[in-house]
Amino acid sequence: MKTAVYPGSFDPVTNGHIDVIKRALKIFDKIIVVVGDNPGKEPAFTTEERMEMLKESTKDLKNVEVDSFSGLLLDYVKNKGSNIIIRGLRAVSDFDFEFQRALMNRVVDNEIETVFIMTKEHYVYLNSSIIKEITMFGGKVNGLVPKIVEEKLKAKFSKI
Ligand code: ADP
């Protein structure tokens, strides 16, 4: 049973993330999608809200677990009996950051491997910030995020 951990802010989850999860399931037996906070970003949704949206969006996928973590990701991965971190890759712009993180994680723990998965071309330009911006200004994001996310975004931003 090979388990991989897919960490991210998922603020909120997009169809790009879901595509990465589905592709990862072709390689690994189980994926733990884990919500963490990026110290450089103030999240729009609470950890619980982000987990709820992820759970709803992955409920039809077998062998996907949703969790949250704080602290060192490497410790979390090991505690789950895994040594694999999944990250999604979009454009060249992701590469510098992801390359540095993956190598740094390996310096700290040589047992950990980071596996990069390329999303479907259709989602290459997609990120959570753009989704929030579009919704804030009344634009439509259907087809780019799961239905539950669309509803939560509308509810959150219509109050502003
Ligand atoms: P973080 O703040 O940790 O980067 P994100 O939720 O923004 O968390 O992203 C989690 C992971 O998913 C990252 O590896 C990111 O590159 C990847 N990702 C985000 N959006 C997409 C997308 N549209 N296609 C493929 N991978 C993506």
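Look up a bit, the structure's there.
In this report, we go over the structure that sits alongside the text. No experiment lies behind these values; they were computed from the predicted model shown.

1. Observations concerning the overall build of the protein chain
Of regular secondary structure, the protein chain possesses six helices and five strands. Starting at the N terminus, the α and β elements of the protein chain follow one another as β-α-β-α-β-α-β-α-β-α-α. For 160 residues, the compact-globule estimate of 2.2 N^0.38 gives 15 Å, and the C-alpha radius of gyration of the protein chain, at 15 Å, lies within 12% of that figure. Split into buried and exposed, the 160 residues of the protein chain put 44% on the buried side. For the protein chain, contacts bridging at least 24 residues in sequence account for 73% of all contacts bridging at least 6. Put simply, the protein chain shows about 9200 Å² of open surface, and 52% of that area lies on carbon and sulfur atoms. Across the protein chain, 24 positive and 23 negative side-chain charges occur, with their mean positions spaced 4 Å apart.

2. A closer look at the sheet that holds strand β1 (residues 3-8)
Pairing in this open sheet of five strands is parallel, and the strands run β3-β2-β1-β4-β5 from one edge to the other. At either end of the open sheet lies a strand with only one pairing partner, and these are β3 (64-68) and β5 (113-118). Strand-to-strand, the axes of this sheet are offset by a mean angle of 30°, without reference to chain direction. Examined bridge by bridge, strand β2 (residues 30-35) and β3 share five bridges and lie parallel to one another. Counterpart to Val33 in the pairing with β3 is Val66. Those strands touched by helix α1 (residues 15-27) are β1, β2, β3, β4 (84-89) and β5, and its axis lies near 120° from that of β5. Lying over the sheet, helix α2 (residues 47-57) contacts β2 and β3, oriented at roughly 175° with respect to β3.

3. Brief notes about the site of the ligand
Around the ligand, 19 residues are found, and the nearest of them are Tyr6, Ser9, Phe10, Lys41 and Gly88. The separation between an oxygen atom of the ligand and a polar side-chain atom of Arg87 is 3.1 Å. Note that an oxygen atom of the ligand is positioned 3.4 Å from one of the side-chain N or O atoms of Glu98. Protein contacts shield 94% of the accessible area of the ligand, which totals 550 Å² for the unbound molecule. Within the residue set of the shell around the ligand, elements represented by two or more residues are β1, α1, β4 and α4 (92-108). Counted by class, the shell around the ligand contains six nonpolar, seven polar and six charged residues.

4. As for helix α6 (residues 147-157)
Every buried residue of α6 is listed here: Ile148, Val149, Glu150, Leu153 and Phe157. Summarising the contacts, the buried residues of α6 are in contact with α2 and α5 (128-136).

5. Some remarks on the pattern of salt bridges
One pass over the structure, following the stated rule, counts 14 salt bridges. One salt bridge connects Asp37 with Arg50, and the closest N-O pair in it is separated by 2.7 Å. In this pair, Asp37 sits in the loop between β2 and α2 while Arg50 sits in helix α2, placing the two residues 13 residues apart along the sequence. Judged by its relative accessible area of 52%, Asp37 falls in the exposed class. Assessed through its relative accessible area of 1%, Arg50 is described here as buried.

Conventions we followed
Residues numbered from 1 in each chain as written. Predicted model: local features only at pLDDT ≥ 70, side-chain atom pairs only at ≥ 80, totals over all residues. Heavy atoms only, no water. Helix = DSSP H or I, 4+ residues; strand = E, 2+ residues; numbered from the N terminus. Rg over C-alpha atoms; globule rule 2.2 N^0.38 Å. Buried < 20%, exposed > 50% of the residue type's maximum accessible area, 1.4 Å probe, protein only. Contact = heavy atoms within 4.5 Å. Areas by Shrake-Rupley, 256 points an atom, 1.4 Å probe, with all protein chains shown as cover. Lys, Arg positive; Asp, Glu negative; His and termini not counted. Charge placed at Lys NZ, Arg CZ, Asp CG, Glu CD. Pairing = 2+ DSSP bridges. Axes fitted to C-alpha atoms, helices over the stretch in contact; angles between N-to-C directions. Near = heavy atom within 4 Å. Polar contact = N/O pair within 3.5 Å; in protein donor to acceptor, adjacent residues only side chain to side chain. Nonpolar A, V, L, I, M, F, W, Y, C, P; charged D, E, K, R; others polar. Salt bridge = Lys/Arg side-chain N within 4 Å of Asp/Glu carboxyl O.

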